[in-house]
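Commentary on secondary and tertiary structure
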Amino acid sequence: GIIAVSVRPEHFRDYYERISRALADSISLIRSDGEFLARYPSRGNEPLQLTPGNNLLPAIQSSAQSGFITAVSQIDGIERRIGYRRVPGYPVYVTTGIETATMWRDLWLRMGQLLAFGLPATLGLFAISLLALRRTRSFHAEVERREMAEAALKQAQRLEAVGHLTGGVAH
């Protein structure tokens, strides 16, 4: 007996459209010869083929198991970071793509959030460090002044002792 399973490409397009909202902005199912079996977003029901200048085509034709590339979409002209993986046992690849502009926007947004928290904290720590440094310098200056006063007192006591000794000898 033979068991055959057939799935319409529209099923995959609808499924990809539902999951792409949370994961990526483009998802596709591509044969190893470069023909799209299903893609979201797509240009209607016409079959699509990767053009020879596309960066993904050489990677797929070299039978790579998985990888990442940056390419401009031939359908909508948007630059995307694309991850691809071969379906084990089949000449089919699943790809997901995220717009590079979206990636940069998210990066700058997160960096801004980190700066909004990190910059005041860093400035606060810097101010506390400066205050501690100033207090430490004034403390060291006071210690040095006291040591000099003690040294002068010891010198005066020595001279006084020598004066008493000299006065006793002279008397």
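Residues numbered from 1 in each chain as written. Predicted model: local features only at pLDDT ≥ 70, side-chain atom pairs only at ≥ 80, totals over all residues. Heavy atoms only, no water.

**Observations regarding the overall build of the protein chain**
Counting its regular elements, the protein chain contains 3 helices and 5 strands. Scanning the protein chain from its N terminus toward the C terminus, one meets helices and strands in the order α-β-β-α-β-β-β-α. For the protein chain, the C-alpha radius of gyration of 39 Å lies well beyond 16 Å, the compact-globule estimate for 171 residues. C-alpha extents for the protein chain along the principal axes are approximately 135 × 35 × 30 Å. By sequence separation, contacts in the protein chain at least 24 residues apart represent 38% of the contacts at least 6 residues apart. As displayed, the protein chain offers around 12800 Å² of accessible surface, 62% of which is attributable to carbon and sulfur atoms. Within the protein chain, the 16 negative side-chain charges are centred at a point lying 3 Å from the centre of the 20 positive side-chain charges. (Helix = DSSP H or I, 4+ residues; strand = E, 2+ residues; numbered from the N terminus. Rg over C-alpha atoms; globule rule 2.2 N^0.38 Å. Contact = heavy atoms within 4.5 Å. Areas by Shrake-Rupley, 256 points an atom, 1.4 Å probe, with all protein chains shown as cover. Lys, Arg positive; Asp, Glu negative; His and termini not counted. Charge placed at Lys NZ, Arg CZ, Asp CG, Glu CD.)

**A closer look at the sheet that holds strand β5 (residues 92-99)**
Spatial strand order, β2-β1-β5-β4-β3: 5 strands in an open sheet with antiparallel pairing. Single-partner strands in this sheet number two, and they are β2 (36-40) and β3 (66-72). Taken over all neighbouring pairs, the strand axes of this sheet differ in orientation by 20° on average, direction set aside. Pairing geometry for strand β1 (residues 26-31) and β5, over 6 bridges, is antiparallel. Residue Ser 28 lies in a different strand from β5, and its bridge partner there is Thr 95. The strands that helix α3 (residues 100-170) touches are β3, β4 (79-86) and β5; relative to β5, the one it contacts most, it runs at about 50°. (Pairing = 2+ DSSP bridges. Axes fitted to C-alpha atoms, helices over the stretch in contact; angles between N-to-C directions.)

**Quick word on the pattern of salt bridges**
Considering all chains together, one arrives at 4 salt bridges under this definition. Note that Arg 31 is salt-bridged to Asp 33, the shortest N-O span being 2.7 Å. Taking the shortest distance from any N to any O, the salt bridge between Arg 145 and Glu 142 comes out at 2.5 Å. Taken together, the positions of Arg 145 and Glu 142, both in helix α3 and 3 residues apart, correspond to about one turn of that helix. Beyond isolated ion pairs, a larger network of salt bridges with shared partners links Arg 31, Asp 33 and Glu 35. (Salt bridge = Lys/Arg side-chain N within 4 Å of Asp/Glu carboxyl O.)

**Quick word on the nonpolar core**
Grouped together as the largest cluster of nonpolar side chains are 14 residues, with contacts concentrated most on Ile 30, Phe 36, Leu 50, Leu 56, Ile 60, Ile 69 and Tyr 84. Going through the elements one at a time, α2 (56-61), β3 and β4 are the ones with two or more residues in this core. When residues in this core are grouped by element, the largest group, 4 residues, is from α2. Excluding residues within four positions of it along the chain, Leu 50 makes contact with Ile 30, Gly 34, Phe 36, Leu 56, Leu 57, Ile 60 and Gln 74. (Core = buried A, V, L, I, M, F, W, Y, C linked by side-chain atoms within 4.5 Å. Buried < 20%, exposed > 50% of the residue type's maximum accessible area, 1.4 Å probe, protein only.)

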